[in-house]
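Here's the letter readout for the chains.
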Amino acid sequence: MSDTQQQAGLPITTEALTRKYRSHEALSGVTLQVEPGSVYALVGPNGAGKTTLIQLLMNLQQATSGTAHILGQPSAGLRGKALNRIGYVSESQEMPDWMTVGGFLDYVRAFYPTWDRSLERQLMADFALPLDRKLKHLSRGMRMKAAFVSSLSYRPALLVLDEPFSGLDPLVRDELIQGLLDRIGETTLFLSSHDLAEIESFASHVGYLEQGHLLFSEEMTALSGRFRQVEFRVDPGSALPTGTPATWMGVEQSGSLVRFADSAYASEADAVARITAVFPTASEISFEPLSLRSIFLANARAHRDARASAGAKA
């Protein structure tokens, strides 16, 4: 399959996507693919480059180098009718505050030939939105609900969400997440967030950004399957060996206890063989699954340690 055919078949693709602001590189060579019908969560700490990546995808910024495609079309050419199949909601969503909710929906409805009035009514009821209330008088949560209705009612093929749940109370978050889950299958979801507990509950794929670098991008089940917290005992007088495998993150020893995060776990037998090859006296070996938060912390620390080591050598 050619690159053009692949791009046409995927909701989002990027290749070596980079954005620089003078000497600061906000995004560095990001390459990713988003599968049709997936819920792809882009996560990472504040300032990691999540919003920059989304704005490049939506043609709200221009890339310094690299390429991005949405629904087979170059992001740099997104405008007019090309946006009819794409929904976009951001944390700092700008809305016409002088309009009522009903007036706002009347206004945006005219731009989308595929607008579904029955779905609009269903979403309005699900979110308990008041048609006659002005947008400026709505709470933050209610404003986000109005934004969701305006972006879901035309059944977009792709919905892009930039930190949509930030600052919302748990009940509103749950209502919005349920609204998204009801659309899974007909709409591909691509969202950024730093709330890992939320994402873990419904994302099918995940990508992790750290200081502009995409450290990994894969299915959630595969990611959870290859990470384990490892602990075991060694002789109290033995020293921590140098040159442990690169897939062992945060190796540390306290007395006879050794622990680390294994990012290449395949099976218990394989992991035990690798451990005893480095630690011949290892005993009481245990393996525990890691939460999404623990996986990201392990990767963030490993990435920062690698950068610090490279800087020291330079």
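Cut-offs used in this document
Residues numbered from 1 in each chain as written. Predicted model: local features only at pLDDT ≥ 70, side-chain atom pairs only at ≥ 80, totals over all residues. Heavy atoms only, no water. Helix = DSSP H or I, 4+ residues; strand = E, 2+ residues; numbered from the N terminus. Contact = heavy atoms within 4.5 Å. Axes fitted to C-alpha atoms, helices over the stretch in contact; angles between N-to-C directions. Parallel < 35°, antiparallel > 145°, perpendicular 65-115°, else oblique. Left-handed = near helix turned anticlockwise from the far one by under 90°. Nonpolar A, V, L, I, M, F, W, Y, C, P; charged D, E, K, R; others polar. 1 Å grid on protein atoms, 1.4 Å probe; cavity = no way out; pocket = protein on both sides within 12 Å on 5 of 7 lines; lining within 4 Å. Points joined across faces, edges and corners; volume = space filled by probe spheres on them. Pairing = 2+ DSSP bridges. Expected span 1.5 Å × (residues − 1). Buried < 20%, exposed > 50% of the residue type's maximum accessible area, 1.4 Å probe, protein only.

1. Remarks on the environment of Met58
One can find Met58 in the loop between α2 (50-57) and β4 (65-70). For the pair Met58 and Gly87, spaced 29 residues apart in the sequence, the C-alpha separation amounts to 9.9 Å. Not counting the four nearest positions on each side in its chain, Met58 is found in contact with Ile70, Leu78, Leu83, Ile86, Tyr88 and Val160.

2. So, the packing of helix α3 (residues 101-109) against helix α5 (residues 140-152)
Interhelical geometry of α3 versus α5 gives an angle of 25 degrees and a closest axis separation of 10 Å. As judged from the angle between their axes, α3 and α5 are roughly parallel. As α3 runs across α5, the sense of the crossing is right-handed. Contacts between α3 and α5 pair Phe104, Leu105 and Val108 from the former with Ala146, Val149 and Ser150 from the latter. Residue classes in the contact of α3 with α5 are distributed as 5 nonpolar, 1 polar and no charged.

3. Let's talk about the layout of surface pockets
If you add up the space inside the largest pocket, you get close to 860 Å³. When contributions to the lining of the largest pocket are tallied by element, the ones reaching two or more residues are α2, β6 (86-90), α3 and α5. Broken down by class, the residue content of the lining of the largest pocket amounts to 14 nonpolar, 14 polar and 5 charged. In terms of lining residues, the second largest pocket is bounded by 16 residues, among which Met249, Gly250, Ala261, Ala298 and Arg301 are the most central. For the lining of the second largest pocket, the elements supplying multiple residues, two or more each, are β12 (248-254), β13 (257-262) and α10 (292-313). It is α10 that provides the largest number of residues to the lining of the second largest pocket, a total of 6 residues.

4. Observations regarding the sheet that holds β6
Strand order in the open sheet formed by 6 strands is β6-β7-β8-β3-β9-β10, and the pairing between neighbours is mixed. Each having just a single partner strand, β6 and β10 (213-219) make up the two edges of the open sheet. Between one strand axis and the next, the sheet turns by 10 degrees as a mean value, whatever way the strands run. Most of the contacts of α5 go to β6, to which it runs at about 170 degrees, and overall it touches β6 and β7 (158-162).

5. Considerations on α5
Under the 1.5 Å per step criterion, the end-to-end length of α5 is 18 Å for 13 residues, consistent within 8% with the ideal 18 Å. Along α5, 12 of the 13 residues are buried, which leaves the element largely enclosed by surrounding structure. Along α5, the positions that sit buried rather than exposed are Gly141, Met142, Arg143, Met144, Lys145, Ala146, Ala147, Phe148, Val149, Ser150, Ser151 and Leu152. Against the buried residues of α5 lie β6, α3, α4 (117-127), β7 and α6 (170-181).

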